[in-house]
Amino acid sequence: MIKTSKEIRKEFLDFFEEKKHQIVDSAPMVVKGDPTLMFTNAGMNQFKDLFLGNEPVKWNRIADTQKCLRVSGKHNDLEEVGLDTYHHTMFEMLGNWSFGDYFKKDAVNWAWEFLVEKMGVSADRIYATVFEGSADDNLQRDDEAATYWEKFLPADRILNGSKKDNFWEMGESGPCGPCSEVHVDLRPQNEIDKLSGAELVNKDHPLVIEIWNLVFIQFNRKSNGNLEDLPDKHVDTGMGFERLCMVVQGVTSNYDTDVFQNVIAEIGKLSKIEYGKNEKTDIAMRVIADHLRAVAFAIADGQLPSNNKAGYVIRRILRRAVRYGYTFLGFKTAFIFKLVEVLKETMGDAFAELVSQQNLIEKVIKEEEESFLRTLSTGIKLLDEIISKTKTDKKDTIQGKEVFVLYDTFGFPLDLTELIARENSLGVDENGFKVEMEAQKNRSRNAAQQETDDWVEIRKIEQTEFLGYDNLETEIRIARYRKVTQKKKTFYQLVFDQTPFYGESGGQVGDIGYIEFDGVKTSITDTQKENNLTVHLVEKLPEDPSGFFKAVVNYGRRDK
């Protein structure tokens, strides 16, 4: 009987609970209060202050599963996600820690016991690496760790690892130490007979993979670069849950485990496309299945998509998934939000926030999808024309000005343009794009010089009710208006009691359209969000601003 991912996760936590470890909850994936991190990118993040001695140790032994995200900075896997079978944005990191308690011997013994005796991993497929030493730091090979591995492995499967691979440091100074990695060779036997797995360890082979890293924190790196022994020695381990499931379930791709297959099956059902039949549609399904998890967990942790910092990263991930669904799976309407239910069924028992926040996650994803889809169809059509012209002209780079027009006029993100260009073997003139962006900012600053009259209030309202998620046409009344003079031209700003127009906020482009009364249309050329009110710009004031008007949104300008 093949173990399910739920069983594997539970057996890991139960195993270390039997070894007297305190089982703790995962920290939020979105980091708050730590300026050095935007997202939790490793299992040890929540214990950083314990290693640094800034907090007292409550439990000497701890184990957990930690949700992590790696899409920016040093650890950035975004561009590989979906193209291969083992990179992810959001992933789980199983870990066990010792704070001044057990050390190398128990860490090695328990790793072997769990993998071989509990999980049934073939002993003859396992390799271990140990730190080879460093002359610069006056450190010898980690013979102690190697001795413990010799109890289980022959010498030719205990490999020396470089400082880059087998010496862990928190930063330029602070706690650090050697580590010992566990690798598993999943290749067919006929390939193993031809070439030993020892030749492929740490060589990025998709089937000779590291699954567990045992870090032995025994030194303190001083500011001058010297090492000194720590008074207490610690253990910090991290094992990739998705990779462990792949090994235990006997498949050759993380995406072939039940961690992802339930979601992929639902994508196939919605798109009426079978997984495993076409490389491009397979990649699209993997991207969507992966990105769904990252976005859903971020929202559950309180991080909504936006145009700033962590919110922008989440929006970027979601839009990447929308685009893959649109281009390769034929989704022209929102669909990703429909996958949250399956994700909850797969992971909700371990992460209760998926259950408690399900409605919010679905609502936010649906709104973001619908907003971006209005931009996507126009942007892709124009980008296809630009790509065709670029190739016709025998150029290998799309001009920065063309990229900026897509961004500024049609709300098409730079990173998405770069992705699609790369798929067509083209580059993007990013410097040219930045020049155009700066010129636009200067134009905006100059245009900001304007004179405004006092507001004329027709009816009192505290805020504008936004109806645009459900309606692009509705009946409205003008609550207040004022005259605006800019560069000797006169405009009027109108505030409605309710509106289907999305107001520009945080970089998102406001909707345009018109209002109509008694057959007379008045164009709305811009929409801004100002606190609780939505302000619409028109070139002339309606003759009778006190009546009822029909408000109609034009497509193509919502959301940047």
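Residues numbered from 1 in each chain as written. Predicted model: local features only at pLDDT ≥ 70, side-chain atom pairs only at ≥ 80, totals over all residues. Heavy atoms only, no water.

Looking only at helices and strands, the chain features 16 helices and 23 strands. Per-residue burial over the chain gives 52% buried out of 560 residues. Within the chain, contacts between residues separated by at least 24 positions form 71% of all contacts whose residues are at least 6 apart in sequence. Counting only carbon and sulfur atoms, one obtains 45% of the accessible surface of the chain, whose full area is about 26,200 Å². (Helix = DSSP H or I, 4+ residues; strand = E, 2+ residues; numbered from the N terminus. Buried < 20%, exposed > 50% of the residue type's maximum accessible area, 1.4 Å probe, protein only. Contact = heavy atoms within 4.5 Å. Areas by Shrake-Rupley, 256 points an atom, 1.4 Å probe, with all protein chains shown as cover.)

As a further point, take the pairing of strand 23 (residues 548–553). The pairing of strand 17 (residues 473–486) with strand 23 spans five bridges and is antiparallel. Note that in strand 23 the partner of T474 across the bridge is A551. Pairing of strand 20 (residues 513–517) with strand 23, which is carried by four bridges, proceeds in the antiparallel orientation. Counterpart to I515 in the pairing with strand 23 is A551. (Pairing = 2+ DSSP bridges.)

Right, let's get into helix 10 (residues 309–328). Here helix 10 is 20 residues long and its end C-alpha atoms lie 29 Å apart, about the 28 Å a rise of 1.5 Å per residue gives. Most of helix 10 is tucked away: 15 of the 20 residues are buried. Immediately beyond the C-terminal end of helix 10, within one or two residues, lies G330, with a positive phi of roughly 80°. (Expected span 1.5 Å × (residues − 1).)

For the pair helix 7 (residues 241–249) and helix 8 (residues 258–271), interaxial distance at closest approach is 9 Å and the crossing angle is 90°. Between helix 7 and helix 8, the interaxial angle falls into the category roughly perpendicular. Here F241, E242, C245 and Q249 of helix 7 come into contact with helix 8, specifically with D258, V259 and F260. (Axes fitted to C-alpha atoms, helices over the stretch in contact; angles between N-to-C directions. Parallel < 35°, antiparallel > 145°, perpendicular 65-115°, else oblique.)

Here R286 shows up in helix 9 (residues 279–300). It is D282 that comes nearest to the buried, bridge-free R286 among opposite-charge side chains, at 4.8 Å. (Lys, Arg positive; Asp, Glu negative; His and termini not counted. Salt bridge = Lys/Arg side-chain N within 4 Å of Asp/Glu carboxyl O.)

The nonpolar side chains of a soluble globular protein tend to be buried with one another. Within the largest apolar cluster, 116 residues are counted, with the highest numbers of intra-cluster contacts made by W149, W212, L244 and I365. With 14 residues, helix 9 is the single largest residue contributor to this core. Setting aside chain neighbours within four positions, we find I365 in contact with L292, V295, I299, L318, I336, F337 and V340. Counting residues in hydrophobic clusters, the runner-up holds 13 residues, among them I476, F501, A551 and V553. (Core = buried A, V, L, I, M, F, W, Y, C linked by side-chain atoms within 4.5 Å.)

In terms of burial, strand 10 (residues 208–221) is largely enclosed, as 13 of its 14 residues are buried. Here strand 9 (residues 174–185) pairs with strand 10 via 10 bridges, running antiparallel. Bridge pairing in strand 10 links D185 to V208. With nine bridges connecting them, strand 10 and strand 11 (residues 227–240) associate as antiparallel partners. Its bridge partner being in strand 11, R221 is matched across the sheet by L227. Turn length for the strand 10-strand 11 hairpin, with the two strands adjacent in sequence and antiparallel, is five residues, and the turn residue G225 shows positive phi of about 95°.

Turning next to the packing of aromatic side chains. For the coordinates displayed, the defined rule picks out 20 aromatic pairs. Aromatic pair F167 and F219: ring centres 6.5 Å apart, planes at 20°, arrangement stacked. Here F167 is found in strand 8 (residues 167–169), whereas its partner F219 is found in strand 10, with 52 residues between them in sequence. You'll find F167 and F219 in the same group, each marked buried. Put simply, the rings of F12, F15, F16, Y102, W110, F114 and W212 touch in pairs and so form one group of aromatic residues. (Phe/Tyr/Trp six-rings, centres within 6.5 Å; stacked < 30°, edge-to-face > 60°.)

Further remarks concern unusual backbone geometry. Trans is the common state for peptide bonds, and a negative phi is the common state for residues other than glycine. Residues other than glycine seldom take positive phi values, yet N138 does so here, at roughly 55°. Here N138 shows up in the loop between strand 6 (126–131) and helix 4 (143–149). Its identity as a non-glycine residue notwithstanding, D518 has a phi of 55°, on the positive side. Note that D518 resides in the loop between strand 20 and strand 21 (520–530). By relative accessible area, which is 71% here, D518 ends up exposed.

With that settled, the discussion passes to the pattern of salt bridges. If you walk through the whole model with that rule in mind, you get 24 salt bridges. A salt bridge links D143 to R141; its shortest N-O distance comes to 2.7 Å. Judged by its relative accessible area of 29%, R141 falls in the partly exposed class. Note that R187 is salt-bridged to D185, the shortest N-O span being 2.8 Å. On the basis of relative accessibility, which here comes to 3%, the residue R187 falls in the buried class.

Turning our eyes to something else, we now look at the confidence of the model for the chain. With 89% of its residues at a pLDDT of 70 or more, the chain shows a mean pLDDT of 87. Predicted confidence for residues 556–560 stays below pLDDT 50, and this span has 31 contacts to residues more than four positions away or in other chains. (pLDDT = per-residue confidence, 0-100.)

Turning our attention to the environment of P178. Its place among the elements puts P178 in strand 9. Its relative accessible area of 4% is what places P178 among the buried residues. Note: C-alpha distance between P178 and L214 (36 residues apart in sequence) is 8.7 Å. Dropping the residues within four chain positions of it, P178 is found in contact with K104, F131, D142, N166, F167, L214, V215, F216, Q218 and F219.

Mapped onto the elements, I461 comes out in the loop between strand 15 (456–457) and strand 16 (465–466). For the pair formed by I461 and D497, sequence separation is 36 residues and the distance between their alpha carbons is 6.7 Å. If we ignore the near neighbours within four places in the chain, the residues touching I461 are A479, R480, V495, F496, D497 and L533.

Below, the discussion takes up the environment of F496. Checked against the element boundaries, F496 lands in strand 18 (residues 489–496). Along the chain, F496 and F549 lie 53 residues apart, while their C-alpha atoms are 9.8 Å from each other. Ignoring sequence-local partners within four residues, the contact set of F496 consists of I461, T464, I476, R477, I478, A479, I515, I524, T534 and H536.

Attention now goes to helix 7. In terms of burial, helix 7 is largely enclosed, as eight of its nine residues are buried. All of the buried residues along helix 7 are F241, E242, L244, C245, M246, V247, V248 and Q249.

Below, the discussion takes up the packing of helix 9 against helix 11 (residues 340–347). Two elements in contact, helix 9 and helix 11, have axes separated by 11 Å at closest approach and are oriented at 80°. Considering the angle they form, helix 9 stands roughly perpendicular to helix 11. Here helix 9 contributes L292, R293, A296 and F297 to the contact with helix 11, which in turn contributes V340, L343 and M347. Here the contact of helix 9 with helix 11 is composed, by residue class, of six nonpolar, no polar and one charged. (Nonpolar A, V, L, I, M, F, W, Y, C, P; charged D, E, K, R; others polar.)

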